[in-house]
Structure formats: C-alpha cells, structure tokens
Amino acid sequence: MAEGRIRTGQPHTARIWNYWLGGEDHYEVDRQAGEQIRALHPGIGEYARADRAFLKEAVSHLVTRCGIRQFLDIGTGLPTADNTHEVAQRLAPESRVVYVDNDPIVLAHAEALLTSTPEGRTDYLEEDLRNVGTILERAGKTLDLSRPVALILLGVVIFVEDDAEAYGIVRRLMDALPSGSHLVLSHTITRPDMPDVDAAVEFWNAHGTPKLTQRTPEAVERFFDGLELLPPGVVSCNRWHATPVDGEPPAEVAMFAGVGRKA
C-alpha cells in the first residue's frame with residue numbers, strides 16, 4: 001500500500017537526503033535534483049552529514065550525561081547509519097525508541113528501523129507531525145510518558161510554514177512530557193552571509209516535495225522558549241559539542257540545532 005503512494009517521478013526530500021548521505025534509497029530524479037542543488041550550494045552535502053553527526057552526539061549526551069532512556073523521534077526520514085535506536089541502545093540497551101513519520105517512502109523501509117535489543121524496544125508510527133494528540137496517545141503504548149522523554153525533531157518543523165503553528169506544535173508536544181524531558185531540534189536557517197542557501201531552497205521549493213521554510217537562527221532559538229538550553233546553545237549543528245581542529249571550530253553550515261531541558 002505504501003509503495004503505491006510513492007511518487008517516483010518527482011524529487012523527494014527524504015530520498016535526496018539519503019543520496020547526500022551515500023545511501024541507496026533514491027531514484028535518478030532525486031540524484032539529478034541533488035546535483036542541481038549542490039551546484040547552487042556546493043556545501044549542501046555537508047548539511048546531511050552534520051545533521052546526522054549532531055543526532056549521534058545529542059543522543060549520546062542524553063543517554064550518558066542525562067540518564068534519558070526514552071526517545072520520541074518525529075520526522076524520522078530514511079534509515080541510514082547510526083539511527084536513534086542504534087546510538088541509544090548501544091550505550092543503554094534498555095532504551096525505548098518510537099519513530100514517527102507520515103512519508104510512504106519511510107513507511108516502506110520501516111522494517112529496517114524495527115530492530116531492538118532484547119532489553120529495549122523500538123516501534124514505528126505512521127502519523128503526521130501536526131496530529132500531536134494521536135502521536136502522544138500511540139507513542140504512550142511503547143513509552144512511559146510519566147518519565148522523561150527526549151523529543152527529537154530534526155529537520156521536520158521546516159515543513160510547517162506558519163510560524164504560530166510550528167511553535168505551537170513543539171510547545172504542545174513538550175507540554176505533554178514530564179520534567180526532565182529534552183527537546184532536540186535542528187532547522188535550516190536563512191542568514192545574510194549565506195545567500196547560496198536561499199537559492200538552493202528556492203530551487204527545491206520550485207521542483208521538489210514537500211516544500212520547506214527557512215527561519216533565522218533567532219527564530220530557531222524560539223522553539224526552546226521556556227526550556228533550559230544546554231551549552232553551547234543553538235549553533236550550527238556541526239559545532240554542537242564538536243572538537244576544534246587546530247583550535248578552530250568547523251565552518252558553519254546553514255542547519256542550526258540545539259538541545260533544551262524541561263525543568
């Protein structure tokens with residue numbers, strides 16, 4: 001059923017992202033679009049790798065430093081190396097992870113995600129980010145929502161164009177989680193010194209699906225209002241806890257990220 005809903009004639013974000021990460025789940029139309037975007041912004045492939053590195057770093061930090069054992073990962077995307085459950089259960093085998101995505105492409109590959117250590121559990125829900133109540137109800141069958149949860153929203157609220165709706169979704173999700181829960185979020189940014197990013201986004205929105213919305217770094221930080229931002233705050237995702245090379249941090253990418261704790 002999912003395969004029947006997959007549109008192979010139009011480039012798709014998840015498949016292009018997979019292409020940039022060196023995966024195999026993409027079509028010629030995705031490769032062509034990916035290369036056209038790369039021509040507009042040669043560093044775009046670094047975004048995918050930086051976002052994946054941030055996920056690994058953030059999940060590792062939450063498991064080892066914050067004692068988190070439950071993860072709600074919304075906007076999962078296509079499976080690749082070091083998925084949330086792999087990182088978490090490698091460090092704490094009893095970790096529980098629920099993935100959520102409404103993409104038929106991801107659904108077709110869901111079995112690749114549905115692996116778990118014997119001590120933990122991994123589950124997958126087909127649901128839209130906007131259906132907050134349904135997500136929480138269904139996730140509660142796997143996760144204990146009375147105990148801290150890490151809510152992971154990597155590159156997904158960019159698909160909610162309306163600011164009030166985007167902030168409202170994140171707030172409703174975090175309001176439903178208990179004290180000690182964390183928000184892990186990344187978002188494509190727009191900034192005057194990165195004009196090639198705007199050109200790449202404009203090309204994507206004219207040719208690909210789904211459309212995406214950029215926000216300023218300050219607007220991304222607003223998603224963490226009311227939370228305690230963990231150091232170093234909202235920064236280029238490849239700089240979150242990155243080890244400087246020769247004393248210098250890595251060059252910024254236009255994907256910013258942060259981790260916040262609910263008091």
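Residues numbered from 1 in each chain as written. Predicted model: local features only at pLDDT ≥ 70, side-chain atom pairs only at ≥ 80, totals over all residues. Heavy atoms only, no water.

The name given to the protein chain in an unreviewed UniProt entry is SAM-dependent methyltransferase, and the organism recorded there is Streptomyces thermocarboxydovorans.

1. Some remarks on the packing of helix H7 (residues 132-139) against helix H8 (residues 163-175)
Across the interface, H7 lies against H8 with an axial gap of 10 Å and an inter-helix angle of 30 degrees. Between H7 and H8, the angle falls in the class roughly parallel. The two elements H7 and H8 cross, and the hand of that crossing is right-handed. Mapping the contact onto sequence places Val132, Gly133 and Leu136 in H7 and Ile169, Arg172 and Leu173 in H8. (Axes fitted to C-alpha atoms, helices over the stretch in contact; angles between N-to-C directions. Helix = DSSP H or I, 4+ residues; strand = E, 2+ residues; numbered from the N terminus. Parallel < 35°, antiparallel > 145°, perpendicular 65-115°, else oblique. Left-handed = near helix turned anticlockwise from the far one by under 90°. Contact = heavy atoms within 4.5 Å.)

2. Let's talk about the nonpolar core
Phe71, Leu72 and Leu153 are the most contacted members of the largest nonpolar core, which has 81 residues in total. Those residues in contact with Leu72, other than ones at most four positions away along the chain, are Val98, Val100, Ile135, Leu136, Ala139, Leu143, Val149, Ala150, Leu151 and Ile152. (Core = buried A, V, L, I, M, F, W, Y, C linked by side-chain atoms within 4.5 Å. Buried < 20%, exposed > 50% of the residue type's maximum accessible area, 1.4 Å probe, protein only.)

3. A word on the side chain of Glu127
With respect to the secondary-structure elements, Glu127 resides in the loop between strand E3 (121-126) and H7. Each residue touching Glu127, except ones within four places of it in the same chain, is listed here: Val100, Asp101, Asn102, Thr134, Ile135 and Arg138.

4. Considering the environment of Phe54
Position of Phe54 among the secondary structure elements: in helix H3 (residues 44-66). For Phe54, a relative accessible area of 0% puts it in the buried group. Phe54 sits 194 residues away from Glu248 along the chain, and the two C-alpha atoms are 18 Å apart. Beyond its immediate chain neighbours, meaning those up to four positions away, Phe54 contacts Leu154, Val184, Leu185, Cys237, Trp240, Ala257, Gly258 and Val259.

5. With respect to the packing of aromatic side chains
With the rule as written, the count across this model stands at two aromatic pairs. Measuring from centroid to centroid gives 5.6 Å for Phe54 and Trp240, while their planes differ by 85 degrees, and the two rings are edge-to-face. With Phe54 in helix H3 and Trp240 in the loop between strand E7 (235-236) and strand E8 (255-261), this pair connects stretches of sequence that are 186 residues apart. For the residue pair Phe54 and Trp240, the accessibility class agrees, reading buried in each case. When the centroid spacing of 4.4 Å and the interplanar angle of 45 degrees are considered together, the rings of Tyr167 and Phe223 count as tilted. Here the residue Tyr167 occupies a position in helix H8, and Phe223 occupies one in the loop between helix H10 (217-221) and strand E6 (228-229), the gap between them amounting to 56 residues. Phe223 gets classed as buried once you look at its relative accessible area, which sits at 5%. (Phe/Tyr/Trp six-rings, centres within 6.5 Å; stacked < 30°, edge-to-face > 60°.)

6. As for the side chain of Asp82
Structurally, Asp82 can be placed in the loop between strand E1 (70-74) and helix H4 (84-91). If we skip the residues at most four places from it in the chain, Asp82 touches Arg52, Leu55, Lys56, Val87 and Arg90.

7. Regarding the environment of Glu111
As for its position among the elements, Glu111 is in helix H6 (residues 110-113). C-alpha of Glu111 to C-alpha of Tyr124: the two residues are 13 residues apart in sequence and 8.8 Å apart in space.

8. Structural notes on the pairing of E1
Of all five residues in E1, five are buried, a share of seventy percent or more. Side chains Gln70, Leu72 and Ile74 of E1 all project onto a buried face; the interleaved residues Phe71 and Asp73 project onto the opposite face, where all are buried too. Two strands pair when backbone bridges link them, and E1 and strand E2 (residues 96-101) are joined in this way by five bridges, in the parallel orientation. Opposite Asp73, over in E2, you have Tyr99 as the bridge partner. Pairing geometry for E1 and strand E4 (residues 150-154), over three bridges, is parallel. Directly across from Phe71, in E4, lies its bridge partner Ala150. (Pairing = 2+ DSSP bridges.)

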